[in-house]
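For reference, the chains in residue letters:
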Amino acid sequence: MVEVRYFAWLRERVGTDRETIDSSASTVGELVSDLRQQSEAHDLVFSDLSAIRAAVDQELVDMDHPIANAREIAFFPPMTGG
Amino acid sequence: MSIDIRVQSAAFDLGAEVNAFATAAQGAGAVVSFTGVVRDLPERALAHMEIEHYPGMTEKALSQIAKEAMERWHLARVLIIHRYGVLAPDAQIMMVATASPHRKAAFESADFLMDYLKSRAPFWKKEVRYDGRVDWVDAKDEDEAALAAWKKR
């Protein structure tokens, strides 16, 4: 089981800020493929990965990053702080 | 503690913060501060801005950025305050302050902190207009370019 969190417009479009899903994905990218199967909204949100950033256990990572033993995977748009 | 990171919804007193920072950095010689303010839209169309963040990761990311600046410019002290929640036009969103024995190091490191926290700290801004329109603020390509430039230096 993987704990997935969403922020900003991803949260709004997926319709939840967190969910636990049953996935045996070994990388962030594989998890994205599993998430796209969840609903039409999920599929649409993840259709353009260039607009999405990922964090594994609160560290920014690339899509090919392993997720072995990760507690929390987050997806969000490019950040706009400052 | 020479690195002070605060993530809060409450407003901060810019003058008091800069004064306290300068006092605590006694002996450093140069103090630079930058403040980000909510910019209105044309024709004063902005009702308010909403800032969302990722509690936990935000503090981690800001601490890493501050630590990197401390080491690279041998700073005496770093302060980052960043707000989240609902902010009215002209409200202060965030501030950074740096203290160093050298003016250039203080300026450069403050600039570096701003470039980094703009695209590496997990904050997202949303603009809510009086006419009901709501837009998430897009990240700019030039923000990523600014980061790449720091790596080359």
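Residues numbered from 1 in each chain as written. Chains lettered and ligands numbered in written order. Predicted model: local features only at pLDDT ≥ 70, side-chain atom pairs only at ≥ 80, totals over all residues.

Enquirer: Now, about helix α3 (residues 103–120) of chain B: what can you tell me, with residues and values included?
Expert: Residue and element names in this part refer to chain B. Given a rise of 1.5 Å per residue, 18 residues ought to cover 26 Å, and the 25 Å separating the end C-alpha atoms of α3 matches this to within 8%. Within the sequence span of α3, burial applies to Ala105, Ala106, Ser109, Ala110, Phe112, Leu113, Asp115, Tyr116, Leu117, Lys118 and Ser119. Packed against the buried residues of α3 are β2 (30–37), α2 (57–73), β4 (77–83), β6 (92–100) and α4 (141–152). (Helix = DSSP H or I, 4+ residues; strand = E, 2+ residues; numbered from the N terminus. Expected span 1.5 Å × (residues − 1). Buried ≥ 20, exposed ≤ 12 C-beta atoms within 10 Å, placed from the backbone. Contact = placed C-beta atoms within 7 Å.)

Enquirer: Which residues make up the environment of Glu127 of chain B, and what values do they have?
Expert: Looking at where Glu127 of chain B falls in the secondary structure, it is placed in strand β7 (residues 123–129). Among residues more than four places away in sequence, those in contact with Glu127 of chain B are Leu41, Leu46, Met49, Asp135 and Val137 of chain B.

Enquirer: How would you sum up the interface of chain A and chain B? Please name residues and give values.
Expert: Often, the extent of an interface is quoted as the loss of accessible area on bringing the components together. On the chain B side, the residues contacting the 14 residues of chain A number 21 residues. Broken down by secondary-structure element, the contributors of at least two residues to the side of chain A that touches chain B are α1 (8–14) and β5 (72–76) of chain A. Split by residue class, the side of chain A that touches chain B holds 10 nonpolar, 4 polar and no charged. (Nonpolar A, V, L, I, M, F, W, Y, C, P; charged D, E, K, R; others polar.)

Enquirer: Before we move on, could you go through the sheet that holds strand β3 (residues 53–56) of chain A and cite the residues and values that matter?
Expert: Residue and element names in this part refer to chain A. Reading across the sheet, the 5 strands line up as β2-β1-β5-β3-β4 and stay open at both edges, with mixed pairing between neighbours. Whereas interior strands pair on both sides, the edge strands pair on one side only; in this sheet they are β2 (18–21) and β4 (59–61). With direction set aside, neighbouring strand axes in the sheet form an average angle of 30°. As paired elements, β3 and β4 share 3 bridges and run antiparallel to each other. In the sheet register, Val56 faces β4, and the bridge partner there is Glu59. (Pairing = 2+ DSSP bridges. Axes fitted to C-alpha atoms, helices over the stretch in contact; angles between N-to-C directions.)

Enquirer: Describe the sheet that holds β4 of chain B, with residues and values.
Expert: Residue and element names in this part refer to chain B. Here 4 strands make up an open sheet; going across it, the order is β1-β4-β6-β2 and the pairing mixed. Each of the sheet's edge strands pairs with one partner strand only, and the pair in question is β1 (3–8) and β2. Across this sheet, the average inter-strand angle for adjacent strands is 5°, counted without regard to direction. Bridge count for β2 against β6 is 8 bridges, and the pairing is antiparallel. Each residue of the ladder has a partner; that of Ser33, found in β6, is Ala97. Docked against the sheet, α2 engages β1, β4 and β6, running at close to 155° with respect to β1. Each of β2, β4 and β6 touches α3; the most contacted strand, β6, lies at about 145° to it.

Enquirer: Outline the nonpolar core, listing residues and values.
Expert: In terms of nonpolar packing, the biggest core is built from 58 residues, with Ile65, Ile80 and Leu113 of chain B touching the most fellow members. The contact partners of Ile80 of chain B, leaving out residues within four places of it in the chain, are Ile5, Leu62, Ala66, Val96, Leu113 and Leu117 of chain B. (Core = buried A, V, L, I, M, F, W, Y, C linked by C-beta atoms within 7 Å.)

Enquirer: Give me the lowdown on the pairing of β6 of chain B, citing residues and values where you can.
Expert: All names here are of chain B. Burial analysis of β6 places 8 of its 9 residues in the buried class, which makes it a mostly covered element. Sheet analysis places β4 next to β6, joined by 6 bridges and oriented antiparallel. If you follow Leu79 over to β6, its bridge partner there is Ala97.

Enquirer: Residues and numbers for the packing of α2 of chain B against α3 of chain B, please.
Expert: All names here are of chain B. With their axes 10 Å apart at the nearest point, α2 and α3 run at an angle of 155° to one another. As judged from the angle between their axes, α2 and α3 are roughly antiparallel. Remark: the crossing between α2 and α3 carries right-handed chirality. Together, Ala61, Leu62, Ile65, Ala69 and Trp73 of α2 and Ala105, Glu108, Ser109, Phe112, Leu113, Tyr116, Leu117 and Arg120 of α3 make up the contact between the two elements. Of the residues contributing to the contact of α2 with α3, the split by class is 10 nonpolar, 1 polar and 2 charged. (Parallel < 35°, antiparallel > 145°, perpendicular 65-115°, else oblique. Left-handed = near helix turned anticlockwise from the far one by under 90°.)

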